[in-house]
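# Results of the structural survey
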Amino acid sequence: MSGSTQRRGSLERLRTGNRRAVTGLLATEGPLSRADLARGTGLSRTTVSSLVRDLIESGHVVETEDRGTPYKGGSGRPPLLVRLATPSGGVAGVDVGHRHVRVAVADRSGAILAEAETAVDVDAHGAGALDEAAKMVRAMARKAEIPMTDLQAVGMCVPAPIDRRSAQISSGILPGWRDLVPSEELERRLKIPVVADNDANLGALAELHHGAGHGTSDVIYVKVASGLGAGIILGGRLHRGTTGIAGEIGHVQLHEDGRVCRCGNRGCLETEASAPRLLSLLRPAYDDDLTTERVLELDLLGDAGVRRVLSDAGRTIGRALADLCNSLNPEMIVMGGSLGSSPAMVEGIRASLDRYAQPATAAAVRVVSGQLGDRAEVVGAVALAVARVGAI
């Protein structure tokens, strides 16, 4: 092969990669100006303008009738926005929790058309949960009036880390999923490409693009539910780590001789501040049937006992987050999951950050409740599928 041929091949691969960066950003962020695309991808404005021109000519991108706002509130002419063309067909998002499966079917822009949830014992029955997920995808596709043959991709959320090398569940948190590769198993059932990630990562993507974190680029999303984990966004991109377990703050060790955690260690943060642990602390003083929904209601009503327990839990979580903030210097912490959005917990986390993080780091970071609630993970799964299809 001649040197000129090799150079042409290298340039074409570079342009293809740049094109995927542009379409991937449009897939997750929605309509953007050319200047926004340059800032979001790190490419030059000249390169972005050339790529957008090619994508418009090929029919992958269209200009909108709406205009954006000048950068940083400037007084210049509002810029033209471009978006991905919306072809026929759709995508699906599957949120597999510890006790539920939620499925949403959306069009190619990510607009959800049909959604449903069912209770499933996920932890112990991996194959059964995947069977149920496949059945629900088919049902929601029918409800959305999208033929299965027109579904282009499925994004899948699981409540455990996925090893980036093997695509398997990389811990013992889900005993019924040992030796399963979730994306391959669901793809085999549906005959549709499936891409999978863990729940905190997809919650982070959802809140970044469609919720409380929109407009920021350095965010930590913390999910407090049956377990406790974090999704880390750095420079606008999800940081998974070498093996895919970045953000596993639930297994930071607090006490060497503490309670045994489901991960096999003792004294993990999760054993002190997860939703099941907090409910067990509150039920003797309230009701054996106390739920997370009722706890949040009591928190909003100012119940002293509930607020004390949640605030203490927030301070405990905040101690671990302070160390993480000292290392990463984020702009925002978004709290999600069944109890993470609690005002008392958010206040406790804020107090620990102010006490334990470096003063400049603590001053720079905001702590807020997520806006998407228990739908964050399925919204993130849909966004993952959209990005998979959009990365042409």
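Residues numbered from 1 in each chain as written. Predicted model: local features only at pLDDT ≥ 70, side-chain atom pairs only at ≥ 80, totals over all residues. Heavy atoms only, no water.

## Some details on the pairing of strand E10 (residues 228-234)
Rule in force here: The buried label goes to any residue with under 20% of its type's maximum accessible area, the exposed label to any with over 50%, and the partly exposed label to all in between, with areas taken from a 1.4 Å probe on protein chains only. Starting at the N terminus, helices and strands are each numbered in turn, a helix being any DSSP run of H or I of at least four residues and a strand any DSSP run of E of at least two. Strand pairing is assigned whenever DSSP identifies at least 2 bridges connecting the two strands.
By the criterion of burial, E10 is predominantly enclosed, with six of the seven residues buried. Pairing between strand E9 (residues 219-224) and E10: six bridges, direction antiparallel. For Tyr221, the partnering residue across the bridge sits in E10 and is Gly231. Where E9 hands over to E10, the hairpin turn is made up of three residues, counted between the paired strands. Taken together, the three bridges between E10 and strand E11 (residues 237-239) define a ladder with antiparallel strand orientation. Within the sheet, the bridge partner assigned to Ile232 lies in E11 and is His239. The turn joining E10 and E11, which pair antiparallel and follow one another in sequence, is formed by two residues; a positive phi near 60° is taken by Gly235.

## Structural notes on helix H4 (residues 126-143)
Filter applied, for reference: One fewer than the residue count of a helix, multiplied by 1.5 Å, yields its expected span. Residue contacts are counted whenever heavy atoms from the two residues lie within 4.5 Å of one another.
Taking 1.5 Å of rise per residue, the 18 residues of H4 would be expected to cover 26 Å, and the 26 Å separating its terminal C-alpha atoms lies within 8% of that figure. Among the residues of H4, those classed as buried are Gly126, Ala129, Leu130, Glu132, Ala133, Ala134, Met136, Val137, Met140 and Ala141. In this structure, the buried side of H4 is in contact with strand E4 (90-96), strand E5 (100-107), strand E6 (112-119), strand E7 (151-158) and helix H5 (182-190).

## A closer look at the nonpolar core
Worth spelling out the cut-off: Only buried residues count toward a nonpolar core, which is a set of Ala, Val, Leu, Ile, Met, Phe, Trp, Tyr and Cys residues joined through side-chain atoms within 4.5 Å.
Of all hydrophobic cores here, the largest spans 42 residues; its most connected members are Val22, Leu26, Leu37, Val91 and Ile233. Looking at this core, the element that brings in the most residues is helix H14 (residues 376-390), giving nine residues. Val224, Ala275, Ala320 and Cys325 belong to the second-largest nonpolar core, a separate cluster that totals 38 residues.

## Observations regarding the layout of surface pockets
As a reminder of what qualifies: Cavity means a closed set of points on a 1 Å grid over the protein atoms alone, one where a 1.4 Å probe fits but cannot get out, pocket means an open set with protein on both sides within 12 Å along at least 5 of 7 lines, and lining means a residue has an atom within 4 Å of a point. Grid points are joined across faces, edges and corners, and a volume is the space filled by probe spheres set on the points. When residues are sorted by character, Ala, Val, Leu, Ile, Met, Phe, Trp, Tyr, Cys and Pro go into the nonpolar class, Asp, Glu, Lys and Arg into the charged class, and all the rest, Gly among them, into the polar class.
Here the second largest pocket defines a volume of roughly 890 Å³. Considering the residues around the second largest pocket, the lining is formed by 45 residues, among which His100, Lys223, Ala225, Ser226 and Ser338 are closest to the centre. When its residues are assigned to classes, the lining of the second largest pocket shows 15 nonpolar, 16 polar and 14 charged.

## Quick notes on helix H10 (residues 304-328)
To be explicit about the condition: Note on bend: at a given residue it equals the angle between the axes fitted to the 7 residues ending there and to the 7 starting there. Two N or O atoms form a polar contact when they lie within 3.5 Å of each other; inside protein one atom must be a possible hydrogen donor and the other a possible acceptor, and for residues adjacent in sequence the pair counts only when both atoms belong to side chains.
With 25 residues, H10 extends 34 Å from end C-alpha to end C-alpha; this agrees with the ideal 36 Å at 1.5 Å per step. The sharpest bend along H10 reaches about 25° and sits at Arg319. Where H10 starts, the residue carrying a side-chain oxygen 3.1 Å from the main-chain nitrogen of Gly305 turns out to be Asp303. With its phi angle positive at about 55°, Asn329 sits one or two positions after the end of H10.

## As for the sheet that holds strand E13 (residues 366-369)
Let me state the cut-off plainly: Axis angles are defined between N-to-C directions and span 0 to 180 degrees, where every axis is a line fitted to C-alpha atoms and, for a helix, only to the segment in contact.
As summarised here, the arrangement of the five strands in space is E11-E10-E9-E12-E13, forming an open sheet in which the pairing is mixed. In the strand order of this sheet, the two ends are held by E11 and E13, each with one partner. Looking at each pair of strands side by side, their axes are set apart by 25° on average, direction ignored. Running at roughly 50° to E10, helix H6 (residues 199-210) makes contact with E9, E10, E11 and strand E12 (332-336) of the sheet.

## Describing the packing of helix H2 (residues 34-41) against helix H3 (residues 45-58)
Stated precisely, the cut-off is as follows: Crossings are assigned a handedness: left-handed for a near helix turned anticlockwise from the far helix by less than a right angle, right-handed for a clockwise turn.
In the contact formed by H2 and H3, the axes pass within 9 Å of each other and the chain directions differ by 115°. Our pair here, H2 against H3, has a crossing hand that is right-handed. Here Arg34, Ala35, Leu37, Ala38, Arg39 and Thr41 of H2 come into contact with H3, specifically with Arg45, Val48, Ser49, Val52 and Ile56. Considered class by class, the residues forming the contact of H2 with H3 number six nonpolar, two polar and three charged.

## Overview of the sheet that holds E6
Sheets are built from strands that pair by backbone hydrogen bonding, the pairs being arranged parallel or antiparallel. Sheet architecture is open: five strands sit in the order E6-E5-E4-E7-E8, paired in mixed fashion. For this open sheet the edge positions go to E6 and strand E8 (194-198), each flanked by a neighbour on one side alone. Shown here is a sheet whose adjacent strand axes are inclined to one another by a mean of 15°, direction ignored. Where E4 lies against E5, seven bridges are found, and the strand directions are antiparallel. The partner of Asp95 across the bridge, within E5, is Arg102. Contacts from H4 reach E4, E5, E6 and E7, with the element oriented near 35° to E5. Its contacts with the sheet put H5 on E4, E7 and E8, and the angle it makes with E7 is roughly 140°.

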